[in-house]
Amino acid sequence: MVGERETDRLEQELEGQDAPTQEAATEVTEEVTVEKEGIAATEVEETEATADAVGLVGDDTPEPLTDLLEEARAKADENWDQLLRVRAEMENLKRRQANELEKAHKFALEGFVRELLQVRDSLELGHDAVQQDKGADIAKIREGAELTLKLFADVMGKFGIERIDPQGEPFDPAYHQAMTMQPTADAAPNTVVTVIQKGYLLNGRLMRPATVIVAAAPASE
């Protein structure tokens, strides 16, 4: 821009000069024009070199950027697919666990019931025998009932069920429930003298306390 203004000014000044002066001035003007064109060409070359250095000019420049973009997109798609697969696996695992938990709750007593059926079978056999034979021997009925009770006790013991029978033992409020106190001289005070209802434990946990009558010191006369 500065070179153009300088050339125009020189041309305006030449209009009022004589021929030799105009010829000399024309040579100067041509030199200025050549210098201006050289400066412009240099600026263009520097601009192109700078653009090449930063990767903004050239036929091959978009390819590396495109490759990087495609690689990033492929990686994002791969990560998304992995996320969907992991999510599906977690949903399937959650569903299987819920089904297994439901089955565990529903059939938790399966083994106990299977063992308990034989006790019922024994009771039904004894009951049918008495119904068919009205004159059945009481001793045999008693023997059958005792065998059934033993079978039932074995089944309960197999599943961690323990009976609490504190007859003659010191009263323990953790496992016994006192219904009343009975003054007596035949047992030490605070001793269980009568078991009204036996208690039970399940693997050490109290299911039902034993209902008892506890001895008390007799009243002094």
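What comes next concerns the included structure. Since the structure is predicted, the reported quantities are computational estimates derived from the model, not experimental observations. (Residues numbered from 1 in each chain as written. Predicted model: local features only at pLDDT ≥ 70, side-chain atom pairs only at ≥ 80, totals over all residues. Heavy atoms only, no water.)

**Description of the environment of His 176**
Piece 1. Residue position: His 176 is located in strand E2 (residues 176–183).
Piece 2. On a C-alpha basis, the gap between His 176 and Thr 211 in space is 6.0 Å, while along the polypeptide they are 35 residues apart.
Piece 3. Those residues within four positions of His 176 in sequence are excluded, and the remaining contacts are Ile 164, Pro 166, Pro 170, Phe 171, Val 192, Pro 209, Ala 210 and Val 212. (Helix = DSSP H or I, 4+ residues; strand = E, 2+ residues; numbered from the N terminus. Contact = heavy atoms within 4.5 Å.)

**Quick look at the packing of aromatic side chains**
Here a ring pair, both rings aromatic, is described through the centre-centre distance and the interplanar angle of the planes.
Piece 1. Tallied over the full model, the rule gives one aromatic pair.
Piece 2. An angle of 90° between the planes, with centres 5.3 Å apart, marks the rings of Phe 112 and Phe 159 as edge-to-face. Placement of Phe 112 in helix H4 (residues 110–132) and of Phe 159 in the loop between helix H5 (138–158) and strand E1 (161–164) is noted, with a sequence separation of 47 residues between them.
Piece 3. Of the residues examined, Phe 159 reaches a relative accessible area of 28% and is grouped as partly exposed. (Phe/Tyr/Trp six-rings, centres within 6.5 Å; stacked < 30°, edge-to-face > 60°. Buried < 20%, exposed > 50% of the residue type's maximum accessible area, 1.4 Å probe, protein only.)

**Description of the packing of H4 against H5**
Piece 1. At their nearest, the axes of H4 and H5 sit 9 Å apart, and the two run at 175° to each other. Taken together, the axes of H4 and H5 lie roughly antiparallel to each other. Contacts between H4 and H5 pair Phe 112, Glu 115, Leu 116, Gln 118, Val 119, Ser 122, Leu 123 and Val 130 from the former with Ile 141, Thr 148, Leu 151, Phe 152, Val 155 and Lys 158 from the latter.
Piece 2. Considered class by class, the residues forming the contact of H4 with H5 number nine nonpolar, three polar and two charged. (Axes fitted to C-alpha atoms, helices over the stretch in contact; angles between N-to-C directions. Parallel < 35°, antiparallel > 145°, perpendicular 65-115°, else oblique. Nonpolar A, V, L, I, M, F, W, Y, C, P; charged D, E, K, R; others polar.)

**Some details on the sheet that holds strand E3 (residues 192–197)**
Piece 1. Strand order in the open sheet made by the three strands is E2-E6-E3, with mixed pairing throughout. The sheet terminates laterally at E2 and E3, the two strands that pair on one side only. Between one strand axis and the next, the sheet turns through 25° on average, direction left out of account.
Piece 2. Judged from the four bridges that link them, E3 and strand E6 (residues 210–216) form a sheet pairing that is antiparallel. Considered in E6, the bridge of Val 192 is made with Val 214. (Pairing = 2+ DSSP bridges.)

**Overview of unusual backbone geometry**
Piece 1. With a phi close to 70°, Asn 190 is a non-glycine residue in the positive phi region.
Piece 2. Looking at the element boundaries, Asn 190 is found in the loop between E2 and E3.
Piece 3. On the basis of relative accessibility, which here comes to 41%, the residue Asn 190 falls in the partly exposed class.
Piece 4. Phi angles above zero are rare outside glycine, and Asn 203 is one such case at about 55°.
Piece 5. With respect to the secondary-structure elements, Asn 203 resides in the loop between strand E4 (199–202) and strand E5 (205–208).

**As for the sheet that holds E5**
Piece 1. One open sheet holds the three strands; their spatial order is E1-E4-E5, and the pairing between them is antiparallel. Looking at strand neighbours, the two that pair on one side only are E1 and E5, the edges of this open sheet. Sheet twist, expressed as the average angle between the axes of neighbouring strands with direction ignored, equals 30°.
Piece 2. Summarising the sheet, E1 and E4 pair through four bridges and their orientation is antiparallel. Residue pairing across strands places Ile 161 opposite Leu 202, the latter belonging to E4.

**Notes on the nonpolar core**
Piece 1. Membership of the largest hydrophobic core is limited to seven residues, which are Ile 164, Val 192, Val 195, Leu 201, Ala 210, Val 212 and Val 214.
Piece 2. Secondary structure elements with two or more residues in this core: E3 and E6.
Piece 3. If you tally residues by element for this core, the top one is E6, at three residues.
Piece 4. If near-sequence neighbours (up to four positions away) are discounted, Leu 201 is found in contact with Gly 160, Ile 161, Glu 162, Ile 164, Tyr 175, Leu 206 and Met 207. (Core = buried A, V, L, I, M, F, W, Y, C linked by side-chain atoms within 4.5 Å.)

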